[in-house]
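# Observations on chain architecture
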Amino acid sequence: MSNAAIIEGSNVAHGHATTEHHGHEHHEQHFIWKYIFSQDHKIIARQFLITGMIWAIIGALFSVFFRLQLGFPDTTFPIMEKFLGEWAKGGKLSPEFYYALITMHGTILVFFVLTAGLSGTFANLLIPLQVGARDMASPFMNMLSYWFFFASSVFMFISLFVETGPASGGWTTYPPLSALKEASIGSGLGMDLWLIGMALFVVSSLLGGLNYITTILNMRTKGMTMTRMPLTVWALFFTAILGVLSFPVLFSGFVLLIFDRNFGTSFYLSEIFINGKALPNIGGSAILYQHLFWFLGHPEVYIIMLPGMGMASEVLSNHSRKPIFGYFAMIISLIGITVLAFVVWAHHMFVTGMSPFLGAIFVLLTLLIAVPSAVKVFNWLTTMWRGNIRFTVPMLFAIGFVSLFISGGLTGIFLGNSALDLHLHDTYFVVAHFHIVMGVSAFFGMFAGVYHWFPKMFGRFMNNTLGYVHFFITFIGAYLIFWPMHYEGIAGMPRRYYDYSNWESFKHYEGLNSFISIIAVIVFLAQLLFVINFFASIFRGRKVTVQNPWGSPTLEWTTPIKPGHGNWEGEIPTVYRWPYDYKDDGNGNDFIAQTVPLKEGEEAH
């Protein structure tokens, strides 16, 4: 019997839809169909990851450029002219391009790296492997989700090279700056390309999200009940739900913005004067765009955070050699975060003239979301408590994730209070808060996942020494960069300003700004070390010689070391246990795989 027949037969046996699977051993696929237009979820995961890494390098490099301007406003850097050309003549960044760099840095890191790169990679890699499916519910739609992401990347990349420069209305692209082509140099063609790129990005996210949800609900193997799923899959499930419900709202906001820019409508424009001349636009509201943007914008925080939470739970339990503490509490807290994420968006809008009564409601809801987050933190800490901790590279990044999530989350209490937010809004306090809690901690969750599941992706290990260096420089550097910004923000230092040296009230922060910029360069170089480690390890890394190198009970480690398209040879295993059975199995192992039947008299968790 051929492998394809075995795959199809096992799909029927386990209640899966019968689908044709390619890539079996007797028919070697052409490189283009195997690695480029692949429908194998594991290859698509690699495509998302590598594309996301390319964007991460570009986005981080932009931050290095504008940090050099902030830290050393009177110094010229000839290397900048080599990279940026006319926009950094004589090695000095132009004010117009400074704002464009900030805009593109935010867009790239939030959407193209921490949304597509993070969810696209680990939802694709882990969902079928951990629930016991041959592939996604629709492998073709899965392939399309990557190629829509690639198309959006092309438009965004092209926008970096247009004559008037890329979009420069801030990563939130608030109108009227983004709605009027004549408003600024960065409101021209670059903004149109930005909007097209983001519209394609939303389509990619929706295709992926619908696929993830369908796969989790319909493609689980025999015995894999919802309460036997790893917390990683639960987190990716709720991430997909958040995206499917909130991204269409952002899409509508972008469509209306395209109409205002190109077709004379007035959704966001009213009573605008340019050079003393009134525009014909009447009846629109720029605040409408803010509602549409932030209705996605706050769920977006958790679209970025939840995959990291799920992977941190998995890694902390595995490398502590202990069952996860409070499995059901963790699931309920994920549900609480998912629900509350939709009803807190207006805490980004306390300074828009909102009714104080309405503001008080959003303050209450914002503080309420700290409860499920606190449950998760408590459970992570108690999972590690008295565990047999192995301080591997993925474990260190998972611990770093918890540390950054706690410290960054605590500063959110300040911003969630409408009275304090009036002072802190649009200062460096906001920059510090969301970079620690949403940016750096999400990256730490991502790094923990990459180091932990790299052996499953490529059949090799990443270099440990380089991994430890990467962790310590990034962890220490993250706090050295962003913690001091809280004090600048409390002092009222506004963000997005090109040069603070002429402000008497902020002159004494000159040394601190220089220090932050130096650390930012060092941390950027550490990320290049990770990239070198990643690509070198694919070809030269130590080979995985055992099927389950981390000693994990979950289903993905029951596949061959380098699984083919279809994941399991022969039938998909049946599941009998929950995914965190870390206990003596009587054979010298400290874990029991999900596929091991219960002994007589043994109770299921």
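Scroll up for the structure.
Residues numbered from 1 in each chain as written. Predicted model: local features only at pLDDT ≥ 70, side-chain atom pairs only at ≥ 80, totals over all residues. Heavy atoms only, no water.

## Looking at the nonpolar core
If you look at the biggest cluster of nonpolar residues, it comprises 178 residues, and the most contacted ones within it are Leu93, Phe111, Trp234, Tyr302, Trp380, Phe530 and Phe534. In terms of residue count, the dominant contributor to this core is helix 16 (residues 428-458) (19 residues). Apart from the residues within four sequence positions on either side, Tyr302 is in contact with Thr239, Leu242, Pro307, Ile337, Ala341 and Ile369. (Core = buried A, V, L, I, M, F, W, Y, C linked by side-chain atoms within 4.5 Å. Buried < 20%, exposed > 50% of the residue type's maximum accessible area, 1.4 Å probe, protein only. Helix = DSSP H or I, 4+ residues; strand = E, 2+ residues; numbered from the N terminus. Contact = heavy atoms within 4.5 Å.)

## Some thoughts on the pattern of salt bridges
Scanning the entire structure with this criterion turns up 9 salt bridges. For Asp581, the salt bridge goes to Arg577, with nearest N and O atoms at 3.0 Å. Considered together, Asp581 and Arg577 belong to a single accessibility category, that of buried residues. Look at the salt bridges and you will find they share partners, linking Lys181, Asp192 and Arg261 into a network. (Salt bridge = Lys/Arg side-chain N within 4 Å of Asp/Glu carboxyl O.)

## Thoughts on unusual backbone geometry
The step from Pro175 to Pro176 runs through a cis peptide bond, and the omega angle for that step is 10°. Phi angles above zero are rare outside glycine, and Arg321 is one such case at about 55°. Mapped onto the secondary structure, Arg321 falls in the loop between helix 10 (286-320) and helix 11 (327-340).

## Observations regarding a nonpolar patch on the surface
A surface patch of nonpolar side chains, amounting to about 590 Å² of accessible area, comprises Leu367, Leu381, Ile406, Leu410, Ile413, Phe414 and Leu420. Among the elements that make up the nonpolar patch, the one with the highest residue count is helix 14 (residues 393-415) (4 residues). Looking at where Ile413 falls in the secondary structure, it is placed in helix 14. Overall, Ile413 belongs to the partly exposed group, its relative accessible area being 45%. (Patch = residues over 30% accessible without salt bridge, like charges linked within 9 Å, V, L, I, M, F, W, Y side chains within 5 Å. Areas by Shrake-Rupley, 256 points an atom, 1.4 Å probe, with all protein chains shown as cover.)

## Remarks on the packing of helix 6 (residues 116-131) against helix 9 (residues 231-262)
In contact at an axis separation of 10 Å, helix 6 and helix 9 are set at 130° when each is read in the N-to-C sense. When the axes of helix 6 and helix 9 are compared, the pair comes out oblique. As helix 6 runs across helix 9, the sense of the crossing is left-handed. From helix 6, Ser119, Phe122, Ala123, Leu126, Ile127, Gln130 and Val131 reach across to helix 9, where they touch Thr232, Val233, Leu236 and Thr239. Per-class residue counts for the contact of helix 6 with helix 9 are 7 nonpolar, 4 polar and no charged. (Axes fitted to C-alpha atoms, helices over the stretch in contact; angles between N-to-C directions. Parallel < 35°, antiparallel > 145°, perpendicular 65-115°, else oblique. Left-handed = near helix turned anticlockwise from the far one by under 90°. Nonpolar A, V, L, I, M, F, W, Y, C, P; charged D, E, K, R; others polar.)

## Some points on the side chain of Lys42
Position of Lys42 relative to the elements: it lies in helix 3 (residues 41-71). Setting aside its immediate chain neighbours within four residues, Lys42 contacts Leu125, Pro563, Gly564, His565, Gly566 and Asn567.

## Things to note about the packing of helix 11 against helix 13 (residues 370-384)
The interhelical angle for the contact between helix 11 and helix 13, taken along N-to-C directions, is 150°, at an axis separation of 8 Å. The angle between helix 11 and helix 13 places the two elements in the roughly antiparallel class. Here helix 11 runs over helix 13; the crossing is left-handed. Of the residues in helix 13, those in contact with Ala329, Met330, Ser333, Leu334, Gly336, Ile337 and Leu340 of helix 11 are Pro372, Ser373, Val375, Lys376, Asn379 and Trp380. For the contact of helix 11 with helix 13, the per-class residue count stands at 8 nonpolar, 4 polar and 1 charged.

## A closer look at the packing of aromatic side chains
Considering all chains together, one arrives at 69 aromatic pairs under this definition. Ring centres of Tyr174 and Tyr289 lie 6.4 Å apart, and the angle between their planes is 80°; this geometry places the pair in the edge-to-face category. In this pair, Tyr174 is assigned in the loop between helix 7 (139-159) and helix 8 (189-218) and Tyr289 in helix 10, connecting sequence segments 115 residues apart. Among the residues examined, Tyr174 registers a relative accessible area of 25% and is labelled partly exposed. (Phe/Tyr/Trp six-rings, centres within 6.5 Å; stacked < 30°, edge-to-face > 60°.)

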